[in-house]
Number of protein chains: 6
Amino acid sequence: MRPNGRAVTDIRPVTFTRHYTRHAEGSVLVTFGDTQVLCTATVEDGVPRFLKGKGQGWITAEYGMLPRSTGSRMARESARGKQGGRTMEIQRLIGRSLRAAVDLKALGDVTITVDCDVLQADGGTRTAAISGACVALMDAIWWMQAQGKIKVNPMKYLIAAISVGIVEGQPRCDLEYVEDSSAETDMNVVMSEDGRMIEVQGTAEGEPFSHEELLELLELAKGGIDSIFNLQRQVLNEG
Amino acid sequence: MRPNGRAVTDIRPVTFTRHYTRHAEGSVLVTFGDTQVLCTATVEDGVPRFLKGKGQGWITAEYGMLPRSTGSRMARESARGKQGGRTMEIQRLIGRSLRAAVDLKALGDVTITVDCDVLQADGGTRTAAISGACVALMDAIWWMQAQGKIKVNPMKYLIAAISVGIVEGQPRCDLEYVEDSSAETDMNVVMSEDGRMIEVQGTAEGEPFSHEELLELLELAKGGIDSIFNLQRQVLNEG
Amino acid sequence: MRPNGRAVTDIRPVTFTRHYTRHAEGSVLVTFGDTQVLCTATVEDGVPRFLKGKGQGWITAEYGMLPRSTGSRMARESARGKQGGRTMEIQRLIGRSLRAAVDLKALGDVTITVDCDVLQADGGTRTAAISGACVALMDAIWWMQAQGKIKVNPMKYLIAAISVGIVEGQPRCDLEYVEDSSAETDMNVVMSEDGRMIEVQGTAEGEPFSHEELLELLELAKGGIDSIFNLQRQVLNEG
Amino acid sequence: MRPNGRAVTDIRPVTFTRHYTRHAEGSVLVTFGDTQVLCTATVEDGVPRFLKGKGQGWITAEYGMLPRSTGSRMARESARGKQGGRTMEIQRLIGRSLRAAVDLKALGDVTITVDCDVLQADGGTRTAAISGACVALMDAIWWMQAQGKIKVNPMKYLIAAISVGIVEGQPRCDLEYVEDSSAETDMNVVMSEDGRMIEVQGTAEGEPFSHEELLELLELAKGGIDSIFNLQRQVLNEG
Amino acid sequence: MRPNGRAVTDIRPVTFTRHYTRHAEGSVLVTFGDTQVLCTATVEDGVPRFLKGKGQGWITAEYGMLPRSTGSRMARESARGKQGGRTMEIQRLIGRSLRAAVDLKALGDVTITVDCDVLQADGGTRTAAISGACVALMDAIWWMQAQGKIKVNPMKYLIAAISVGIVEGQPRCDLEYVEDSSAETDMNVVMSEDGRMIEVQGTAEGEPFSHEELLELLELAKGGIDSIFNLQRQVLNEG
Amino acid sequence: MRPNGRAVTDIRPVTFTRHYTRHAEGSVLVTFGDTQVLCTATVEDGVPRFLKGKGQGWITAEYGMLPRSTGSRMARESARGKQGGRTMEIQRLIGRSLRAAVDLKALGDVTITVDCDVLQADGGTRTAAISGACVALMDAIWWMQAQGKIKVNPMKYLIAAISVGIVEGQPRCDLEYVEDSSAETDMNVVMSEDGRMIEVQGTAEGEPFSHEELLELLELAKGGIDSIFNLQRQVLNEG
């Protein structure tokens, strides 16, 4: 039995609260069960040096965890003087995923930075972050349109993400922390609204996994992500 | 006229939400108007090296602002590789203030770290942080008592803080950002419940201030802090 | 047509040179075409602090590129004062993959550090590194056995890795740099000798990829990795 | 009884030696008893980026302690790779205080950096630094006038600072180290020549302090600072 | 007796392999016995800021050791977050030596960076690096001439370097690690082809050395360096 | 003609002021003309980790320049977050030289750190630092003897240093800044009282130097250092 009596295909309750803070052009609190991530999208003129004069915009992401978002306190990365490897890996993943959703040439000479800060962690923070960041990004783009900075919406499709894994030999969707920490295999999947894949990252934590297990996990991911797309569309229609 | 029609003696609406996140021994969201700070208190066994064998506990604080808690995005300190001077100054102030409220000898061989992370900033983040951190600290101490780690509560009194300042020649209580950024004089005051002072930090931003102005500001601060003590006591009684 | 007239299923010439340098317990120069990575395995007594007393050994990896291993010179990470996100991501991947191949409990109170330094880059450095690191690790373990530090070989199976991707709409195995830099989808696959998967990391660089494309890529990867296992076994039998 | 038989209102012997080193535009060795701080003012063309085009100059300060300026050796901050929180706090205080003394618009497109390096510490280093920096700044400004860089002296008034505190229940002026380290309350006051306040920073080290105690400390500070202004004027008239 | 039966005047077998890697404008693997250093020269347009508009080019060097180039593993400097003092000292020496060999005014608005990375260390890495870097630099300059970037070769003469020292009271040429680690005096000498000196760095590791010993060491160095010049000329003529 | 009409063999006026600051076990202000360096020696129990249990003490040095010790202001290394290569090189030289003067086995389980901070620079700061550090070290050792920490003085001989160089084709002793910055060859020599050499570091800044020039420079150095030994002995006899 899973915690809270979830079926293996069930995702946790997912919510998106738009306009959660007031300064950012897009600001969304996303929750996947007890995982809470604040995603803010900032629009700034200009692009990084390596893109100057290339006729395209840029989207990047930064990720952080509040020191006590977790069961035991983690050292604050700013006090340690550097971001850890896990942080780097996750923020690179979020940034790549968001860029895959947007026509950067149509974005114009603009950089959008999406900050994903974990207020409370209970597994799946990176996939919650991607799913929430997509909504914050849409709000930031709508803000650009309202400001007359761009005419056409450069977002090609929504993106969403879920973690799936094999726990006690059983493939399950949307792992929470107690499951994640004992999973034999852990996979994060990012998809576009049309059902194609943007990122697939599967890791054997214990035993390697078979081709069949991979297929089962992908199917679970597809189902979970479809639910998230519905919730994203719903909350974006309310705006 | 002040924003929102406040009288010069009025503080903004102040709220304390206890148990805001679930992992920390104390977790309080404090709001002073649009300023929102998440304060979590973490209890860990042992003390820093410089206190080993001295028969006392330790309380320390760390402070951070989410990159888009402010009107324009600030660079993430972990990505820059160091904490700025303002951050250092504020977290030292919070830590000193909290230590002044507690009998460290009675705390036992324990370190309590209070993290104050600004989710949204609109002036007065350090004084909101101190006021919220005090409530989170009380919850953490009560947790220690419930766990049987200590018998007697080592908290000597509540502490609270407010910013006051002179804006357009007029002394005002609890400055919000638009006031703070144009203040001629800015003062942060931390007090104990018995009306004495723990910290007074007054800074002339433009013109120096006179002895009389100092006295007026201190009186405004006393009034504002008294209101905060009432709210702290009220929310702590609900627990 | 692919560079050098390769078929889509062909890997580049792959070589492993054991005992390439003389100090390390395992030292292998691996080449995948023009990609050259020096992999050295160092055996040291003791384990990191977080594993003390847990009755297991540890395997970790570090990755670096010589500044002019690439077409244009990259800044030296030690001079910049930190490792970049890509470096962190890759060395975490290598370490995880190697740990999946070894029974850490049977390794004893020992840490093996595998350094993978790219002398020359032409695409696929991380997968070459994993494949070469596995051979260096085996040599280091054999050294431990010869020294009498352990009796039983704790290596569960060989591991190997390959990059695959979709270039000009065509799934291809073992991308070299000119292919990699224009790939629409890029996937790194790490497998165990029994044909199961240890890591799958697929990324849409341009368009998202479909389920069918994923399956084609996995099949290409399986073929390529099988060839590498043959070469690894061959070179290890020579020792 | 205080050390050296000082009355509670007495400051220690204070000296300012102008032109102490030869390269800087202003160079002053200030001593408050055994506390010795070398203050050098450097004039450089241009302003920091955030002030470009705003039609004003800038004044900033840096503070450091030689490793063995203190009773036991402190780690060198350059070797540790960062400035500590106390250093940051003090140099921000010095910079703010100096800026309050100067009409930055009249300073022109110039940055003056005042370095305050403690050669020997015996309490009150930050207040000695501010008092000495003011003299070095005046020399640098006179140098600018002599060079024809500005016509009118933009210094509005001299500034000076003193530390006061409550030791063994007794308010005292200009604490030396043995007093400072056992003070119940410690306060640093920076004033302008016309008797108004630029900074007031009072901290309860043990017990909170009362309104009456605050008033007593401010009066002591005023007396001490007046003596320092006399000495500053005297040494500046000699030039 | 020396290791391998060398006479005190003998250098170890020295080889230079040009075009060792393919991306760099100059790429040389130099070996002095078991010491192996990869030297790559990179040509980039422009000069550092401090040379802008001064009508000259620039040559600089960076030095690194692979973590397991040595008998026991050294921490990776990029992971430690800084280059050690020894690294800094060596790369400054290499850079100075190379600049002494070239007419920087005739080099044009170009920076050449020579990276010297030690693959395997057995004493004398810095002198091997200088000797190999000179060959890589010549190849880079010939590349510049082939590209039409410069007409005249700005190299004034070859440079080469050797370490000499006093071991067991006996002056010896080209110390290997077992000798170097027990030497009483250690000296590195860099010379130009015409027999003059560019750098002489002699260090008493145990006892100070006498004027006569210095002269003996210099004579040994001259002999060793002459042999290296012959090998450099030979390999450069093959190109 | 040299500045101040010095003969090529003349050193500048050299002074040593012992007990310059009061906290350190040895504290010496050394001046070579306008070059002023404060050298403090700190005695601390224990040795660095790599010497634990080896039955010897340790001597190390740190070097720094105050930001405005030079003609134009240099960035403060603590603010930049690291020590530069020149600083590292110099402090390693000072430490090695001092260790050569002392029988570390006879020093006992103690570390002496000598801080050399340049208050004013006019050429030759490293050689002034070594010469002054030697005197500070002697005072620290006498302090250890007075404290009963050691019975026998472990200092084997005094050491002193001078810079020599070729300026306008003329070998000169004790270069000051205007000479140093235009020298064709620059050499720093550290000697022991018995006339032997501890360090010789000669660098061709422009043209390489000949064997004859080297000999001339060494002779000049010997003469200058002899004068410094006389002054050291004189000031130490006064103590």
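The name given to chain A in an unreviewed UniProt entry is Ribonuclease PH, with the source organism recorded as Celerinatantimonas diazotrophica. The annotation that UniProt attaches to chain A under Subunit (unreviewed entry) is "Homohexameric ring arranged as a trimer of dimers." According to the UniProt record, the Catalytic activity (unreviewed entry) comment for chain A reads "tRNA(n+1) + phosphate = tRNA(n) + a ribonucleoside 5'-diphosphate".

Participant: Could you give an account of the sheet that holds strand β9 (residues 197-204) of chain C, naming the residues involved and the relevant values?
Facilitator: Here we have 8 strands laid out as an open sheet, ordered β7(A)-β6(A)-β8(A)-β9(A)-β9(C)-β8(C)-β6(C)-β7(C), and antiparallel in their pairing. Each edge of the open sheet carries a strand with a single partner, namely β7 (170-173) of chain A together with β7 (170-173) of chain C. Going from strand to strand, the sheet's axes swing by 15° on average, the running direction of each strand aside. Pairing of strand β8 (residues 185-192) of chain C with β9 of chain C involves 7 bridges; the strand directions are antiparallel. Paired with Asn 188 of chain C across the two strands is Gln 201 of chain C, which belongs to β9 of chain C.

Participant: Hey, could you go over the interface of chain B and chain A for me, with residue numbers and the actual values?
Facilitator: With 37 residues of chain B at the contact, the number on the chain A side is 37 residues. A combined buried area of about 2900 Å² lies between chain B and chain A, and 45% of that area is made up of carbon and sulfur atoms. When the area that chain B buries against chain A is broken down by residue, the three leading residues are His 23, Arg 68 and Arg 73 of chain B, summing to 24%. Put simply, chain B and chain A have 16 salt bridges between them. Measuring nitrogen to oxygen at the nearest pair gives 3.1 Å for the salt bridge that ties Arg 73 of chain A to Glu 62 of chain B. The tally of links between chain B and chain A comes to 25 residue pairs in polar contact (both at pLDDT 80 or more).

Participant: Just give me the short version of the sheet that holds strand β2 (residues 26-32) of chain C, but keep the residues and values in it.
Facilitator: Residue and element names in this part refer to chain C. The 5 strands lie next to each other as β1-β2-β3-β5-β4, forming an open sheet whose pairing is mixed. Each edge of the open sheet carries a strand with a single partner, namely β1 (14-18) and β4 (58-65). Each strand axis lies, on average, 20° off the axis of its neighbour in the sheet, ignoring direction. Direction of pairing for β2 relative to strand β3 (residues 35-45): antiparallel, over a ladder of 7 bridges. Opposite Phe 32, over in β3, you have Thr 35 as the bridge partner. Sheet strands touched by helix α6 (residues 211-238): β1 and β2. Its angle to β1, the strand with the most contacts, is close to 25°.

Participant: So what's going on with the UniProt feature "binding site: phosphate" (unreviewed entry) in chain A? Which residues, and what values?
Facilitator: When the UniProt feature table is mapped to this numbering, "binding site: phosphate" (unreviewed entry) covers Arg 86, Gly 124, Thr 125 and Arg 126 of chain A. The greatest C-alpha distance among the residues just named is 13.3 Å, despite their covering 41 residues of sequence, which places them together in space. Here Arg 86 of chain A is in contact with Tyr 63, Met 65, Thr 125 and Arg 126 of chain A together with Arg 92 of chain C, once residues within four sequence places are set aside. Within the fold, Arg 126 of chain A resides in helix α4 (residues 125-146). Take Arg 126 of chain A: its relative accessible area is 17%, and that puts it in the buried class.

Participant: Pulling in residues and values, what's your account of the arrangement of the chains?
Facilitator: Nothing in chain C touches chain D, and the closest approach of their C-alpha atoms is 11 Å. Separated throughout, chain B and chain E approach each other most closely at a C-alpha pair spaced 11 Å apart.

Participant: Tell me about the packing of aromatic side chains, and please be specific about residues and values.
Facilitator: Counted under the stated rule, the structure contains 6 aromatic pairs over all chains. Consider the rings of Phe 50 of chain C and Trp 58 of chain C, whose centres lie 5.3 Å apart with planes at 85°: the pair is edge-to-face.

Participant: Let's hear about unusual backbone geometry: which residues, and what values?
Facilitator: Non-glycine residue Asp 174 of chain A carries a positive phi angle of around 60°. Relative to the helices and strands, Asp 174 of chain A resides in the loop between β7 and α5 (177-180). Assessed through its relative accessible area of 0%, Asp 174 of chain A is described here as buried. Within the chain, Asn 4 of chain D stands out as a residue other than glycine whose phi angle is a positive 60°. Assessed through its relative accessible area of 73%, Asn 4 of chain D is described here as exposed.

Participant: So, the pairing of strand β4 (residues 58-65) of chain B: which residues are in play, and what are the values?
Facilitator: All names here are of chain B. Counting buried residues along β4, 7 of its 8 residues qualify, which places the element largely inside the surrounding structure. As paired elements, β4 and strand β5 (residues 110-120) share 8 bridges and run parallel to each other. Note that in β5 the partner of Glu 62 across the bridge is Asp 115.

Rules of the game
Starting afresh in each chain, residues are numbered from 1 along the sequence in its written order. Going through the entries in the order they are written, you letter the chains from A and number the ligands from 1. Two thresholds apply to this predicted model, a pLDDT of at least 70 for residue-level local features and 80 or more for giving and counting side-chain atom pairs, whereas whole-chain, interface and lining totals are computed over all residues. To get the side-chain values, all heavy atoms of the structure are used, and hydrogens and water are removed first. UniProt positions are given in the numbering used here, feature names are shortened, and annotations may be inferred rather than shown by experiment. A strand pair is defined by DSSP finding two or more bridges across the two strands. Under the scheme used here, helices are H or I runs from DSSP no shorter than 4 residues and strands are E runs no shorter than 2 residues, and both carry numbers assigned from the N terminus. Angles run from 0 to 180 degrees between N-to-C directions of axes, and those axes are lines fitted to C-alpha atoms, restricted for helices to the stretch in contact. Residues count as neighbours in contact if any of their non-hydrogen atoms are within 4.5 Å of one another. The term buried area refers to how much accessible surface (probe radius 1.4 Å) is lost by two components on association, counted for both of them together. Only one rule defines a salt bridge in this text: a Lys or Arg side-chain nitrogen within 4 Å of an Asp or Glu carboxyl oxygen. For the purposes of these results, a polar contact is taken to be a pair of N or O atoms within 3.5 Å, where, inside protein, one atom must be able to donate a hydrogen and its partner to accept one; residues adjacent in sequence count only when each atom of the pair is a side-chain atom. The classification of residues rests on relative accessible area computed with a 1.4 Å probe and restricted to protein chains. Under 20% of the type maximum is buried, over 50% is exposed, and intermediate values are partly exposed. Pairing of aromatic rings covers Phe, Tyr and Trp, the last counted by its six-membered ring, and requires centre-to-centre distances within 6.5 Å; plane angles under 30 degrees mean stacked, over 60 mean edge-to-face, and any other angle means tilted.

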